[in-house]
Protein chains: 2
Amino acid sequence: MKQVVIIGLGLIGGSLALDLRRLFPEIEIVGTDHSDTNLQIAIDRKLIDRVAVEKDYQLADLTAVAIPVNETCRMLPTLLDNCGENTLVMDVGSTKSDICKAVKSHPRRGHFLASHPIAGTEFSGPTAAIHSLFRGKSQILCETESTRKDLLENVIRIFNQLGMRVLFMNPKDHDKHIAYVSHLSHISSFMLGKTVLEIEKNEKNIFDMAGSGFGSTVRLAKSSPAMWTPIFIQNKKNVLTALDEYILNLQEFRKMIADENSNGIFQDMQDTNHIREVLKGIYNEV
Amino acid sequence: MKQVVIIGLGLIGGSLALDLRRLFPEIEIVGTDHSDTNLQIAIDRKLIDRVAVEKDYQLADLTAVAIPVNETCRMLPTLLDNCGENTLVMDVGSTKSDICKAVKSHPRRGHFLASHPIAGTEFSGPTAAIHSLFRGKSQILCETESTRKDLLENVIRIFNQLGMRVLFMNPKDHDKHIAYVSHLSHISSFMLGKTVLEIEKNEKNIFDMAGSGFGSTVRLAKSSPAMWTPIFIQNKKNVLTALDEYILNLQEFRKMIADENSNGIFQDMQDTNHIREVLKGIYNEV
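Residues numbered from 1 in each chain as written. Chains lettered and ligands numbered in written order. Predicted model: local features only at pLDDT ≥ 70, side-chain atom pairs only at ≥ 80, totals over all residues. Heavy atoms only, no water.

Participant: Tell me about the overall build of chain A, and please be specific about residues and values.
Facilitator: Counting secondary structure elements, chain A contains 13 helices and eight strands. Whereas a compact globule of 286 residues would reach a radius of gyration of roughly 19 Å, chain A reaches 21 Å, a difference of no more than 12%. With the C-alpha coordinates aligned to their principal axes, the bounding extent of chain A is approximately 65 × 40 × 35 Å. Among the 286 residues that make up chain A, the fraction classed as buried is 61%. Expressed as a percentage of contacts within chain A between residues at least 6 apart in sequence, the contacts between residues at least 24 apart total 74%. (Helix = DSSP H or I, 4+ residues; strand = E, 2+ residues; numbered from the N terminus. Rg over C-alpha atoms; globule rule 2.2 N^0.38 Å. Buried < 20%, exposed > 50% of the residue type's maximum accessible area, 1.4 Å probe, protein only. Contact = heavy atoms within 4.5 Å.)

Participant: Account for the interface of chain A and chain B, with residues named and values stated.
Facilitator: On the side of chain B, 92 residues touch chain A, which itself brings 92 residues to the contact. Interface area, chain A with chain B, both sides summed: about 9,200 Å², of which 67% is carbon and sulfur. If you sort the residues of chain A by the area they bury against chain B, Val 181, Met 209 and Lys 222 of chain A come out on top, with a joint share of 8%. Put simply, Arg 254 of chain B and Asp 244 of chain A hold a salt bridge, and the shortest N to O gap is 2.5 Å. The interface formed by chain A and chain B includes 37 residue pairs in polar contact (both at pLDDT 80 or more). (Buried area = accessible area lost by both parts, 1.4 Å probe. Salt bridge = Lys/Arg side-chain N within 4 Å of Asp/Glu carboxyl O. Polar contact = N/O pair within 3.5 Å; in protein donor to acceptor, adjacent residues only side chain to side chain.)

Participant: Now, about the confidence of the model for chain A: what can you tell me, with residues and values included?
Facilitator: Across chain A, the average pLDDT comes to 95, with 98% of residues at 70 or higher. Predicted complex, confidence summary: ipTM 0.94, pTM 0.94. (pLDDT = per-residue confidence, 0-100.)

Participant: I'd like to hear about the pairing of strand 8 (residues 165-169) of chain B, residue by residue, with values.
Facilitator: Put simply, side chains in a regular strand alternate between the two faces of the sheet. Residues and elements named next belong to chain B. By the bridge criterion, five bridges tie strand 7 (residues 138-142) to strand 8 in an arrangement that is parallel. Bridging from a neighbouring strand, Gln 139 pairs with Val 166 of strand 8. Note that the unit made of strand 7, helix 6 (residues 149-161) and strand 8 has a crossover that is right-handed. (Pairing = 2+ DSSP bridges. Right-handed = clockwise from strand over helix to strand, strands pointing away.)

Participant: Describe the relation of the copies chain A and chain B, with residues and values.
Facilitator: Placing chain A over chain B gives an RMSD of 0.0 Å and needs a rotation angle of 180°, together with 0.0 Å of translation along the axis. These values place the two chain copies in the arrangement generated by a two-fold rotation axis. In terms of proximity to the rotation axis, the leading residue of chain A is Thr 217 of chain A, whose C-alpha is 2.2 Å off the axis. Most of the interface of chain A is mirrored in chain B: 100% of its interface residues are interface residues there too. (Least-squares fit on C-alpha atoms with pLDDT ≥ 70 in both.)

Participant: Can you tell me about the state of the cysteines, naming the residues and giving the values?
Facilitator: Working definition: the covalent bond between the sulfur atoms of two cysteines is a disulfide. Residue and element names in this part refer to chain B. Counted by the stated rule, this structure contains zero disulfides over all chains. Take Cys 83: it sits in no disulfide, and the sulfur closest to it among the cysteines is that of Cys 100, at 16 Å. Cys 83 sits in the buried class, given a relative accessible area of 2%. (Disulfide = S-S within 2.5 Å.)

Participant: Break down unusual backbone geometry for me, citing the residues and quoting the values.
Facilitator: Despite not being glycine, Glu 143 of chain A shows a phi value in the positive range, around 50°. Residue position: Glu 143 of chain A is located in the loop between strand 7 (138-142) and helix 6 (149-161). Judged by relative accessible area, which is 16%, Glu 143 of chain A ranks as buried. One non-glycine residue, Ser 132 of chain B, adopts positive backbone phi at about 60°. Of note, Ser 132 of chain B is situated in the loop between strand 6 (112-117) and strand 7. The partly exposed category is assigned to Ser 132 of chain B, whose relative accessible area is 31%.

Participant: Residues and numbers for the sheet that holds strand 6 of chain B, please.
Facilitator: All names here are of chain B. The strand order across the open sheet built from eight strands is 3-2-1-4-5-6-7-8, with neighbouring strands paired in mixed fashion. Looking at the sheet topology across the chains shown, the edges are occupied by strand 3 (50-51) and strand 8. The pairing of strand 6 with strand 7 spans four bridges and is classified as antiparallel. Bridge assignment links Pro 117 to a residue of strand 7, and that residue is Gln 139.

Participant: Report on the packing of aromatic side chains, specifying residues and quantitative values.
Facilitator: The description of two aromatic rings rests on the distance between their centres and on the angle between their planes. All names here are of chain B. Scanning all chains against the criterion turns up five aromatic pairs over all chains. Between Trp 228 and Phe 232, the ring centres sit 5.6 Å apart and the planes meet at 35°, which makes this aromatic pair tilted. Within this pair, Trp 228 and its partner Phe 232 are both found in helix 10 (residues 225-234), separated by four residues, close to a single helical turn. Judged by relative accessible area, which is 5%, Trp 228 ranks as buried. What makes Phe 232 buried here is its relative accessible area of 0%. (Phe/Tyr/Trp six-rings, centres within 6.5 Å; stacked < 30°, edge-to-face > 60°.)

Participant: Talk me through the domain arrangement of chain A; I want residue IDs and the actual numbers.
Facilitator: Interface size is commonly expressed as the accessible area that is lost once the parts come together. Residues and elements named next belong to chain A. Here the domain parsing of chain A yields domain 1 (3-169) and domain 2 (174-283). Spacing between the C-alpha centres of domain 1 and domain 2 amounts to 30 Å. Counting residues at the interface gives 18 residues for domain 1 and 16 residues for domain 2. Note on domain 1 versus domain 2: buried area summed over both sides is about 1,300 Å², and carbon and sulfur give 60% of it. Contact with domain 2 buries area across many residues of domain 1, yet Ser 94, Thr 95 and Glu 122 alone supply 41% of it, more than any other trio. Taking the shortest distance from any N to any O, the salt bridge between Arg 219 and Glu 122 comes out at 2.5 Å. Seen at the junction of domain 1 and domain 2, the total is seven residue pairs in polar contact (both at pLDDT 80 or more). Mapped by element, the contributors of at least two residues to the side of domain 1 that touches domain 2 are helix 4 (69-82), helix 5 (97-103) and strand 7. (Domains from an automatic or database assignment.)

Participant: Help me get a handle on the pattern of salt bridges, residues and values and all.
Facilitator: Applying the stated criterion across every chain, the model contains 42 salt bridges over all chains. Salt-bridge contacts for Lys 194 of chain B lead to Glu 198 of chain B; the nearest nitrogen and oxygen are separated by 3.9 Å. Placement of the pair is Lys 194 of chain B and Glu 198 of chain B together in helix 7 (residues 171-199), with a separation of four residues, close to one helical turn. On the basis of relative accessibility, which here comes to 13%, the residue Lys 194 of chain B falls in the buried class. Connected via shared salt-bridge partners are Glu 85, Arg 108, Arg 148 and Asp 150 of chain A.

Participant: Account for the side chain of Thr 95 of chain B, naming residues and giving values.
Facilitator: Residues and elements named next belong to chain B. By the secondary structure assignment, Thr 95 is in the loop between strand 5 (88-91) and helix 5 (97-103). Separated by 2.6 Å, the side chains of Thr 95 and Gln 234 make a polar contact. Excluding its chain neighbours within four sequence positions, the residues that come into contact with Thr 95 are Val 69, His 174, Asp 175, His 183, Ile 231, Gln 234 and Asn 235.

Participant: Tell me what's going on with the sheet that holds strand 1 (residues 3-7) of chain A, and back it up with residues and numbers.
Facilitator: Backbone-to-backbone hydrogen bonds pair the strands of a sheet. The strands run either parallel or antiparallel. Residues and elements named next belong to chain A. Pairing is mixed in the open sheet, where eight strands are placed in the order 3-2-1-4-5-6-7-8. One side of each edge strand has no neighbouring strand; the edge strands of this open sheet are strand 3 (50-51) and strand 8 (165-169). Where strand 1 lies against strand 2 (residues 28-32), five bridges are found, and the strand directions are parallel. Bridge pairing in strand 2 places Ile 7 opposite Thr 32.

Dropping the structure here:
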């Protein structure tokens, strides 16, 4: 690998730059960002060597697209039009169906790989980029049968070198499950933050009374609206289903509290405690 | 201080024992727990010196009640009946109105202090007890005007030595605000965990696809049902109000997604991002 283009130098794009540079000290990393300020920060932090120019898209071994999912859909066809004979164009978005659809019939579909690294923090922008963000994380790949085999094999080798666990899934399944384990968490957290901010106009009460539990449940409410708005809309069908089930569970729990149904409340929580074992499996928590 | 009785040797009672022993190496700490297993663990971990006997309640300088809030209400009158001339009986529950009411007209009301340390983790039982749990945390005291002045002053000195920030609040305000910043977080987390466990019968999907954000939002769903069931019921009125507002916000957000109202979704999330500054104030986060 000699040259990488990164489009969007935020948390994901920037962290990818940091790790690729560590793995391959000799490569040139160039990039773009819709924000000139972020672009300058990315240069100052040495995430990229310089701003990408036209011909870089031809020469790149890898073009990583790390921008909001609606913009990804819009930009991908042009990126494929302009990519080189040995360029792999890869997205990293949190939805996969619409993105795969956007390039489905593109004559150069073989140059594209749909990916979703399950990695991130609640922070955004190039200052949020961190080393080893991808180590130990899942990297979900979709419709790999449509990606040119040599390009796919090369990039999977890189994912392995980054310490990622590569998984294969179809876009439909990805979008359905990710609605539950990621998108719903973000909505629940944003709305919890909203509810508390609305009532606690005097923030001193939050300051005095909030424990670490509150911090944990509203952590995701710090996330980037620019990134999350198009995700919810692209994955609308699955997100609405997940949200409806969540609201229904809340309403049933509400009724049990109103009825002072101690046994029901206890049972519901005890059953859910099983999440301990599930999380233990994921994070090796104690 | 010479002797302390701790009733309930879980996360809070056990952690209190650890810190008091560090501060006052010479005191005797005795305790009880409804679970014989937990009692034995508490002795093995040296949280307590021995099991409390009848006369300890007379001799104790401090009797800390760290059991579910319904049992606290039930037990407090008897503890006051049997306490010594210089004993302070203190609860640490997450509700304050019912607990204060339970001893309001007790002839020895002056021996009681209603407290709520804003400290904890999602774990429970004596194995969850940790050192310095209370350092830097709020300790909310209610109706201190009804506590005997010398007993109150002594225990506040101890709270300060534990590194706590002592605050005064009336039980009604406490219960109202805590419903938002703590009780609602727990319900939102439990129901999120329930929703995901219901749909992801095959837990491999959670394992493969859940990121740290999911772990963060469902962390509180590991909490103890025995502790939380009576809290929700005792604080029913406030919890239902908070829950209704939360559900309403979720429904409005749902509608915006259904309508593909990007501007509305973006604005709602951007406004809620303000939680960053609020949390920064609490946890000194970056």
